[in-house]
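Given next are the chains, with one letter for each unit.
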Amino acid sequence: MAASAVSNTTTTTKASTDSLMPQGSKNAAETQDRFMKLLIAQMKNQDPMNPMDNAQVTSQMAQIQTVTGVSNLDTSIKSLSAQFVQMQALQSVSLVGRDVSVEGNRLQMDQGVGTGVFEISAPADAVKLEVLSPGGNVIDTVQLGAQGAGRHSFDWQPSENDPSAKYNFRITATKGTAPVSNTTYSLDKVLAVNTGGAKLQLQLQNAGLVDYSSVKTFD
């Protein structure tokens, strides 16, 4: 009866200890335990005329140590990743209320003036700005002249101010007769920070929810 009580206590203690172990550590411990049982069974049942040599045993021990190490490393990386996301979230709180730029072609309207940003890959002799209506029609064309390679911003004043209008824009850049590739950016305001998912995201006034990594600049 006493032996049974000791056995039950040991089982209960082991179960309690296992419940406190991280999942990665429990998996590694279970894998190592299974390996040791298999190795012991293999040694007990080996051919007496052809026993395992020390090199074989050492090799198998090294393999289980590698598996255990990889499992523990994976757990550590996941923990560091979670901490990094939390640090990013704390830092990004300071962006709330500030203007950022993301890839897009939406004009930011403020007090009747539209602002946009574009980047050209090489110097251009001529850069043309076309302002588009919500339906995609060209409502205004502005020649921005020669521009160097890199990022540029512009302001656009509509002839008729409609505060509720949502304008887009298009950039055409050329060097002689050859086109110069460009990328357009939309200026937007950060309203909130979202940390609910695996990725850190920002809630923007116009673009909605975007990944933190998609933000190119902030003012």
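Now for a description of the structure that goes with this document.

Cut-offs used in this document
- Residues numbered from 1 in each chain as written.
- Predicted model: local features only at pLDDT ≥ 70, side-chain atom pairs only at ≥ 80, totals over all residues.
- Heavy atoms only, no water.
- Helix = DSSP H or I, 4+ residues; strand = E, 2+ residues; numbered from the N terminus.
- Buried < 20%, exposed > 50% of the residue type's maximum accessible area, 1.4 Å probe, protein only.
- Contact = heavy atoms within 4.5 Å.
- Pairing = 2+ DSSP bridges.
- Axes fitted to C-alpha atoms, helices over the stretch in contact; angles between N-to-C directions.
- Polar contact = N/O pair within 3.5 Å; in protein donor to acceptor, adjacent residues only side chain to side chain.
- Salt bridge = Lys/Arg side-chain N within 4 Å of Asp/Glu carboxyl O.

## Considerations on the overall build of the protein chain
A count of helical and extended segments in the protein chain gives 3 helices and 12 strands. A burial count over the protein chain gives 25% of its 219 residues as buried. Considering only contacts within the protein chain whose residues lie at least 6 apart along the sequence, 67% involve residues at least 24 apart.

## Side note on the sheet that holds strand β8 (residues 178–180)
A sheet is described by the order of its strands in space; here 4 strands give the open sequence β5-β4-β7-β8, paired in antiparallel fashion. Each having just a single partner strand, β5 (138–147) and β8 make up the two edges of the open sheet. Between one strand axis and the next, the sheet turns through 30° on average, direction left out of account. Two elements, strand β4 (residues 124–132) and strand β7 (residues 168–175), share 7 bridges in a ladder whose sense is antiparallel. The residue bridging A126 from the neighbouring strand is T174, located in β7.

## Notes on the side chain of T115
Here T115 lies in strand β3 (residues 113–120). A polar contact is formed between the side chain of T115 and the side chain of D155, at a distance of 3.0 Å. Residue contacts for T115: discarding those within four places in its chain leaves R106, L107, Q108, F154, D155 and L187.

## Thoughts on the pattern of salt bridges
Following the criterion strictly, the structure yields 5 salt bridges and no others. Residues D99 and K189 are paired through a salt bridge, measuring 3.4 Å at the closest nitrogen-oxygen approach. Highlighted residues: D99 in strand β1 (residues 99–103) and K189 in strand β9 (residues 182–194), separated in sequence by 90 residues. Assessed through its relative accessible area of 23%, D99 is described here as partly exposed. Bridged by salt links that share partners, the residues K128, E130 and R170 form one connected network.

Read these as spatial facts, not as claims about activity.
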